[in-house]
Amino acid sequence: MEIGKMYINGKWVDSGLHKESINPADGSVAGLACEGSPKDVDAAVAAAAAAFPAWSALPVTERANFLFKIANRIEELAEDFALIDTFDNGKPLRDSLGDAYDSAACFRYYAGLIDKPSGGTYLVPDPNTQALTVREPIGVCGQIAPWNYPLMMAAWKIAPCVAAGNCTVFKPSSLTPLSSIKLFELFDELGLPPGVANLVLGSGQTVGRSIAEHPGIDKVVFTGGTDTGREIMRSAAETIKGVGLELGGKSPMIVFGDYDIDTAVDWALFAAFCNQGEVCSAGSRLILDEAIYDPFLEKLAARANAIKLAPGDEEGAEMGPLVSESHMNSVLAKIDAAKKEGAKLICGGDRVYDGKLKNGYFVAPTVFADCAPDMSIVQEEVFGPVLAVQKFKTEDEAVELANGTVFGLAGGVFSNDITRALRVVKKIRAGITWVNSYHPTFSQAPWGGYKQSGIGRELGVYGLEEYTEVKQININLVPGPVGWFK
Ligand code: NDP
């Protein structure tokens, strides 16, 4: 089996230490990847720093051309990328194919954005001074990605970063490194200058920590769990580097009684269970109007039970396995805790071993009803196919329940009364919200959370600005002495 190497300063590097990447659908080996060390991070940072002056000075149209070419190649190879992520992460092919096209769209979006107007001019009290701002790249960025959307998280990070003129030291999750290795093969094929984008493979505790601590890195950007985010902030504090954090959530989907039950059930399934529920913005809490509570739950359980669990490459697979055995065990432990705390299990609740699923890490779509606000299943992120349902009587109560966790990533409101929907969605303390919809995400619109769900935004214009510093320039229009000291 070919060994997936690191890519540092435009060269493929074999650390000599190799790790098997496991296909969670059956425990087989999906690929082999190098395990790097802090020394590899040092080499990557040095390469990125050396590449930065020329890359940031390159005409924006030339930088854009690289990104357009990358977008086109990802699209041409979308099916290859999809298969890699399906075998490495477990997700169904329809999901991983969508991720590949979204990744191409992200590179294309930032290629198109970088020559658009930015900065501003300011009228200041002194008429002889013209103040203006320009945006400049930050320098060397460290980027640490999770395993739930392996290719797409690489695209969300690398595209805006290099578009803005920075150089990157990128680390994918050691659970799912394979599509990032393929992405860097494209960078190599398309002649991206050495050092602009560097790939260091390895675990969070060694390579990730070293990136967060490294004095040569100006900003660290991370997507993953809230506890890891806290650790990264601590590591970054020593060198006062900028941090961008996209963390966990426990996001509410509120359904009012005036909304069509079948349609809302359909969205609730998508909100909670798409991508096996391994989505930071998953609608993992359903906040239901008591007027429709019982019939809604009956339909929800029936449809959740009918979701087709299968290896991701199987025709018609609707939900794949969880990413790893240890993650599956963590999800099952949270399900057990919910049972012990008295949440009412109305479907799922266990691992699924049937037939060809027996060696995979499959968990049945699980719904707990009658959840109290202080239960762990309401308060803690599970990051699996587990939905907690809460009941409300009044609009105020729905809002209070929705905002009743430390998280603030996403939320959805379903109602035919559009003024109510808008009123309620504005009261949800979260960065990404939907009305009569849940999950659709676009490269054009900013992505990120309130409260303990993160710091900063990815995607959109905001996502590009996160990779820039703002410089103030003041021009004296009437040159001459200042005359302060006689
Ligand atoms: P982590 O948040 O720990 O991992 C995300 C990335 O951070 C990986 O590349 C990981 O490396 C790296 N990392 C881990 N520890 C450190 C560290 N100390 N310093 C720098 N980088 C580090 O996710 P887990 O896999 O441990 O999942 C734990 C929980 O996090 C999940 O159950 C879920 O609740 C949440 N999560 C949220 C995600 C989101 O999109 N918001 C995505 C993934 C998880 P490596 O994996 O190679 O060790």
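Asks: A description of helix H7 (residues 204-213) should follow, citing residues and the corresponding values.
Replies: Taken as a whole, H7 has its buried residues at Val207, Gly208, Ser210, Ile211 and Ala212. Buried residues in H7 make contact with helix H1 (38-57), strand E8 (140-144), strand E9 (167-171), strand E11 (219-223) and helix H8 (226-237).

Asks: Give a detailed account of the pairing of strand E19 (residues 410-414), specifying residues and quantitative values.
Replies: Where burial is concerned, most of E19 is hidden: 5 out of the 5 residues are buried. A two-sided burial pattern is seen for E19, the buried positions comprising Ala410, Gly412 and Phe414 on one face and Gly411 and Val413 on the other. Pairing analysis gives 4 bridges linking E19 to strand E20 (residues 432-435), with the strands arranged parallel. In the sheet register, Val413 faces E20, and the bridge partner there is Val435. With helix H14 (residues 418-427) bridging E19 and the parallel E20, this β-α-β connection has right-handed handedness.

Asks: Could you give me a rundown of the pattern of salt bridges, with the residues and numbers involved?
Replies: Here the structure, examined in full by the defined rule, presents 19 salt bridges. As a salt-bridge pair, Lys91 and Asp99 come within 2.6 Å of each other at their nearest N and O atoms. Under the relative-accessibility criterion, Lys91 is labelled buried at 0%. What makes Asp99 buried here is its relative accessible area of 5%. Overlapping salt bridges, with partners in common, bring together Arg73, Glu76 and Glu189 in one network.

Asks: An account of a nonpolar patch on the surface is needed here, citing residue identities and associated values.
Replies: A cluster of nonpolar side chains, namely Ile473, Ile475, Leu477 and Val478, defines an oily patch on the protein surface of about 320 Å² accessible area. Looking at the element boundaries, Val478 is found in the segment after strand E23 (468-476).

Asks: Please set out the site of the ligand residue by residue, giving values where relevant.
Replies: Around the ligand sit 29 residues in total, of which Ala145, Trp147, Lys171, Ser174 and Gly225 are the nearest. The separation between an oxygen atom of the ligand and a polar side-chain atom of Lys171 is 2.8 Å. When the ligand sits alone it has 860 Å² of accessible area, and the protein chains cover 85% of it. Of the residues forming the shell around the ligand, the biggest block, 4 residues, is contributed by H7.

Cut-offs used in this document
- Note on numbering: residues in each chain are counted from 1, in written sequence order.
- The predicted origin of the model limits local features to residues at a pLDDT of at least 70 and limits the giving and counting of side-chain atom pairs to 80 or more, whereas totals for whole chains, interfaces and linings rest on all residues.
- Excluding hydrogens and water, the side-chain values take into account all heavy atoms of the structure.
- With a 1.4 Å probe rolled over the protein chains alone, any residue whose accessible area is under 20% of its type maximum counts as buried; one over 50% counts as exposed, and the rest are partly exposed.
- Helix and strand labels come from DSSP, where a helix needs a run of H or I of at least four residues and a strand needs a run of E of at least two; each type is numbered from the N terminus.
- Only heavy atoms matter for contacts: two residues are in contact if any of them lie within 4.5 Å across the pair.
- By the convention used here, strands pair only if DSSP detects at least 2 bridges between them.
- We call a crossover right-handed when, viewed with the strands running away from us, the connection from the first strand over the helix to the second turns clockwise.
- Put simply, a salt bridge is a Lys or Arg side-chain nitrogen that is within 4 Å of an Asp or Glu carboxyl oxygen.
- Each patch is assembled from residues with relative accessible area greater than 30% and no salt bridge, linking like charges that lie within 9 Å and nonpolar side chains (Val, Leu, Ile, Met, Phe, Trp, Tyr) that lie within 5 Å.
- For the accessible areas, the method is Shrake-Rupley and the probe is 1.4 Å, while residue cover comes only from the protein chains on display.
- When at least one non-hydrogen atom of a residue lies within 4 Å of a molecule or strand, that residue is treated as near it.
- Contacts described as polar in this section are N or O atom pairs within 3.5 Å, which, within protein, must combine one atom able to donate a hydrogen with one able to accept it, while residues neighboring in sequence count only if both atoms come from side chains.

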